[in-house]
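Spelled out, the chains give:
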Amino acid sequence: MKEKKTFFVSGIDTNIGKSYATGYIARQYMKKGYKTITQKFIQTGNVGFSEDIQLHRKIMETGPLPEDYILLTSPVILPYPASPHLAAKLQNTTIHCENITKATKMLEQKYDIVLVEGAGGLMVPITEEFLTIDYIQQNNYPVILVTSGRLGSINHTLLCLEALKIRNIKIESLVYNTYPQTDACIEKETIQYLKNYIKCHLEDTAFEIIPEINIDSATQE
């Protein structure tokens, strides 16, 4: 019997490629024989659907799943493209984290692997007094942290790793997203630096490089 696991996928910043990485990691788990699903715990900037879930399914090559239609995979959707606390405020509503957790637990009953994608980075506020990292710690989720080679990413990555270590949150893996491509010189040095950092300071954390894949055509390893 396969071990069931839930991971929280966060990023060093917004627009770092969390959705792309989440879909790719899910696809890799599926190829290993794990029954896998993704969830966008809070989606902003959409009405009635989650564009991030749509991207996951495209990369996973599954099409919409039954859980998508009943919004178990996107339990909170807010129209304004802002941090959750502001998007909720502008909608005159409150985000109830217990409802998100309940939806995740329902997915856990059916799937071996659940990948919960965050909204923005670790310190993004869900409410005025509750951060994303608080939610991760509260649920004891291991974190898959997504980074890239854009300028400043080493600094942002190390700050995120330190924040997770201070909270005693397990860092499952540091995932380097190569899409979209950045400066080749900076990318090469960033990969090598982060590999060495993980090796020296986080022995139990994996380092993975996610290649660019052609989402609109045939499967690419």
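Residues numbered from 1 in each chain as written. Predicted model: local features only at pLDDT ≥ 70, side-chain atom pairs only at ≥ 80, totals over all residues. Heavy atoms only, no water.

Note the threshold: UniProt positions are given in the numbering used here, feature names are shortened, and annotations may be inferred rather than shown by experiment.
Under an unreviewed UniProt entry, the name given to the protein chain is ATP-dependent dethiobiotin synthetase BioD, and the organism recorded is Candidatus Gallibacteroides avistercoris. Taken verbatim from the UniProt record of the protein chain, the Cofactor (unreviewed entry) comment is "Mg(2+)". If you open the UniProt record of the protein chain and go to Subunit (unreviewed entry), you find "Homodimer."

1. Here we look at the overall build of the protein chain
Note the cut-off: The helix and strand labels rest on DSSP assignments: H or I over at least four residues marks a helix, E over at least two residues marks a strand, and numbering proceeds from the N terminus. Computation of the radius of gyration draws on C-alpha atoms, with the globule rule given as 2.2 Å multiplied by the number of residues to the power 0.38. Buried means the residue's accessible area, taken with a 1.4 Å probe over protein chains only, is under 20% of the maximum for its type, while exposed means over 50%, and partly exposed covers the values in between. What makes two residues a contact is simply this: any of their non-hydrogen atoms within 4.5 Å. Surface accessibility follows the Shrake-Rupley procedure with a 1.4 Å probe radius. Residue values consider only the protein chains on display as shielding. Here Asp and Glu are counted as negative and Lys and Arg as positive; His is not counted, and neither are the chain ends. Just so you know, the charge point we use is NZ for Lys, CZ for Arg, CG for Asp and CD for Glu.
Looking only at helices and strands, one finds eight helices and 10 strands in the protein chain. In summary, the protein chain has a C-alpha radius of gyration of 17 Å against a globular reference of 17 Å for 221 residues, a match within 12%. When its C-alpha atoms are laid out on the principal axes, the protein chain stretches across 45 × 40 × 35 Å. By the burial criterion, 51% of the 221 residues in the protein chain qualify as buried. Of all intrachain contacts in the protein chain linking residues separated by at least 6 positions in sequence, the fraction that spans at least 24 positions is 78%. By element, 52% of the accessible surface of the protein chain is carried by carbon and sulfur atoms, the whole surface being about 11,000 Å². Looking at the protein chain, you have 22 positive and 25 negative side-chain charges, and the mean spots of the two groups are 4 Å apart.

2. Points about a nonpolar patch on the surface
Cut-off, in case you're wondering: Like-charged residues within 9 Å of one another, or nonpolar side chains (Val, Leu, Ile, Met, Phe, Trp, Tyr) within 5 Å, are grouped into patches, provided each residue has over 30% relative accessible area and no salt bridge. One side-chain nitrogen of Lys or Arg within 4 Å of one carboxyl oxygen of Asp or Glu is enough to make a salt bridge.
A contiguous nonpolar patch, built from Tyr80, Leu86 and Leu90 and spanning about 290 Å² of accessible area, is present on the exposed surface. Topologically, Tyr80 is positioned in the loop between strand E4 (77-78) and helix H4 (84-90). On the basis of relative accessible area, Tyr80 is assigned to the partly exposed category, the value being 46%.

3. A word on the pattern of salt bridges
Evaluated as defined, the whole model comprises 10 salt bridges. Here Asp13 and Arg150 are joined by a salt bridge, their closest N and O atoms 3.2 Å apart. Of this pair, Asp13 sits in the loop between strand E1 (5-11) and helix H1 (18-31) while Arg150 sits in the loop between strand E8 (143-147) and helix H7 (153-166), and the two are 137 residues apart along the sequence. For Asp13, a relative accessible area of 29% corresponds to the partly exposed category. Residue classification places Arg150 among the partly exposed positions, given a relative accessible area of 30%. The salt bridge involving Glu117 is made with Lys40; its shortest N-O contact spans 3.0 Å. With a gap of 77 residues between them, Glu117 in strand E5 (residues 113-121) and Lys40 in strand E2 (residues 36-40) connect regions that are remote in the sequence. Accessibility expressed as a relative area gives 4% for Lys40, which makes it buried.

4. Quick word on the pairing of E1
Successive residues of a regular strand alternate their side chains across the two faces of the sheet. What counts is decided by this rule: Two strands are said to pair when DSSP picks up at least two bridges between them.
Taken across its seven residues, E1 has six buried, putting it largely inside the fold. The sheet contact formed by E1 and E5 spans six bridges and is parallel. Following the sheet pairing, Lys5 is matched in E5 by Ile113. In terms of strand pairing, E1 meets E8 through four bridges, oriented parallel. The residue of E8 that forms the bridge with Phe8 is Val143.

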